[in-house]
Amino acid sequence: MSESLAGKRFLIGYALSPQKISTFMKDSLVIHARERGVDLIPIDLNKPLKEQGPFHCVIHKLYDAEWRKQLEEFSLQNPTTLVIDPANAIDKLQNRVSMLEFVKELKIENLETPLQVFISDDSSESLQDAMTREGLRFPVIAKPLIADGAANSHQMSLVLNQNGLTKLNPPIVLQEFVNHGGIIFKVYVAGDHVKCVKRKSLTDISEEKLNTSSSENLISFSRISNFAAENQSDGESFAELMEAAEMPPLSFVNEVANRMRDALKLHLFNFDMLRDSRIETRYLVIDVNYFPGYAKVPEFETMLTDFFVDVAHEDAKQ
Ligand SMILES: O=P(O)(O)O[C@@H]1[C@@H](OP(=O)(O)O)[C@H](OP(=O)(O)O)[C@H](O)[C@H](OP(=O)(O)O)[C@H]1OP(=O)(O)O
Ligand SMILES: Nc1ncnc2c1ncn2[C@@H]1O[C@H](COP(=O)(O)OP(=O)(O)O)[C@@H](O)[C@H]1O
Ligand SMILES: [Mg+2]
Ligand SMILES: [Mg+2]
């Protein structure tokens, strides 16, 4: 664990949506950080940023052009204030092609990304032809290209056959659905601090189900991993399945997290990882999110405060 600060206060300004403030800036975090020398100070979005502060560091999750402009101006005026993270580094995670391209380039053993093809809104090629060109077979998941936090950026469709393709609205990516036993691993990263948790996911699809002629061509869903197991009719058996699922090796999780952090040049993110049901050593990253819902991680207050204290120590060295 990181040491506390020797009597000095470290001032962190935060710029977050009201919804994010209510889920992340919990009293438990603010108090824990305060006790260790870190003050978390709200940035007033109705006032110019350059009139606020002083801050040693700014953390933020806002994507609009106006905020970007304010941040740029602020950084020019306050070159010693750390901005965690720079807007241009976050950009890569707002597009479901670039967020996985870089993972592929890391070439980590046993780590892959699912096959996928991007379909633009002005493409003349049929969706089926694009799938064939890339060697994609059903089932596939259709995901909106842009992942900017808007509700529709989480609107997914599981497409079971060719008829389902007609209901999709490009720009989208069509991604190979990988059977993974109904459980997803979410790896949260805050600087050097890494935690992996299990979460509910889509259940496996058998060849049999795929080949049964039913009326279902496409199943729409959104934010599946946020649904608590107890809301499910199969609650008890799901809880058992969850309990029994083995976590990925810690050394592997840490290696992937560290390599991703260095490549992205980001401090605050998480990634969703599946374990292939057929090949137990094969893991696939399917999603990478900027400044995710840390409050869902056990003892997130300690994790985040440790990170803030690390930043303060780094800052003090400069
Ligand atoms: O709200 P939460 O706690 O569910 O957090 C969301 C994340 O959930 P997770 O921590 O991965 O379970 C969520 O992750 P997923 O995309 O659901 O894997 C996103 O990071 C989401 O942000 P945005 O809507 O994409 O900007 C996050 O939403 P924001 O709180 O940042 O709006
Ligand atoms: N390639 C895939 N194979 C199997 N399940 C997937 C795949 N991609 C996504 N899923 C499921 O769909 C959920 C949402 O997809 P994800 O890409 O994580 O979008 P979001 O950004 O909305 O979280 C995942 O948490 C997982 O349960
Ligand atoms: Mg996800
Ligand atoms: Mg996401």
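Refer to the preceding data block for the structure.
Just so you know, these numbers come straight off a predicted model, no measurement behind them.

How each quantity is defined
Residues numbered from 1 in each chain as written. Chains lettered and ligands numbered in written order. Predicted model: local features only at pLDDT ≥ 70, side-chain atom pairs only at ≥ 80, totals over all residues. Heavy atoms only, no water. Donors = N, O, S within 2.8 Å, 3.2 Å for Na, K, Ca; no water. Helix = DSSP H or I, 4+ residues; strand = E, 2+ residues; numbered from the N terminus. Near = heavy atom within 4 Å. Polar contact = N/O pair within 3.5 Å; in protein donor to acceptor, adjacent residues only side chain to side chain. Areas by Shrake-Rupley, 256 points an atom, 1.4 Å probe, with all protein chains shown as cover. Nonpolar A, V, L, I, M, F, W, Y, C, P; charged D, E, K, R; others polar. Axes fitted to C-alpha atoms, helices over the stretch in contact; angles between N-to-C directions. Parallel < 35°, antiparallel > 145°, perpendicular 65-115°, else oblique. Left-handed = near helix turned anticlockwise from the far one by under 90°. Contact = heavy atoms within 4.5 Å. Buried < 20%, exposed > 50% of the residue type's maximum accessible area, 1.4 Å probe, protein only.

The next subject is the coordination of the magnesium ion (ligand 3). Ideal coordination angles are 109.5 degrees for a metal with four donors arranged tetrahedrally and 90 or 180 degrees for a metal with six donors arranged octahedrally. Bound to the magnesium ion (ligand 3) are the protein donor atoms Asp272 (OD) and Asp287 (OD), situated 2.0 to 2.2 Å from the metal. Taken as a pair, the magnesium ion (ligand 3) and the magnesium ion (ligand 4) show a spacing of 3.7 Å, with Asp287 coordinating each metal. Residue Asp272 is located in strand S13 (residues 268–275), and its partner Asp287 is located in strand S14 (residues 283–290); the two are separated by 15 residues in the primary sequence.

Near ligand 1 lie 18 residues; those nearest to it are Lys61, His154, Lys186, Tyr188 and Lys296. Within the side chain of Tyr188, one N or O atom sits 2.8 Å away from an oxygen atom of ligand 1. Between ligand 1 and the protein, one listed contact pairs an oxygen atom with a side-chain N or O atom of Lys296 at 2.6 Å. Relative to its unbound accessible area of 600 Å², ligand 1 is 88% covered by the protein chains. Looking at the shell around ligand 1, the elements that each hand over two or more residues are helix H1 (18–24), strand S10 (183–190), S13 and S14. Tallied by class, residues from the shell around ligand 1 come to three nonpolar, seven polar and eight charged.

Attention now moves to the packing of helix H2 (residues 27–35) against helix H11 (residues 300–317). Between H2 and H11, the least distance of the axes is 9 Å, while the angle of their chain directions is 40 degrees. By the angle between their axes, H2 is oblique relative to H11. Classified by chirality, the crossing of H11 by H2 is right-handed. Facing Ser28, Leu29, His32 and Ala33 of H2, the residues of H11 in contact are Phe300, Glu301, Thr302, Leu304 and Thr305. Of the residues contributing to the contact of H2 with H11, the split by class is four nonpolar, four polar and one charged.

Of note, the amide linkage connecting Gly53 to Pro54 takes the cis form, showing an omega dihedral of 0 degrees. By secondary structure assignment, the location of Pro54 is in the loop between strand S2 (38–42) and strand S3 (57–60). Located in the positive-phi region is Phe291, a residue other than glycine, with phi close to 45 degrees. Taking relative accessible area as the criterion, Phe291 reaches 0% and is therefore assigned buried. In this model, Glu299 sits at a positive phi of 55 degrees, which is unusual for a non-glycine residue. Among the secondary structure elements, Glu299 is positioned in the loop between S14 and H11.

Geometric values such as these leave the question of function open.
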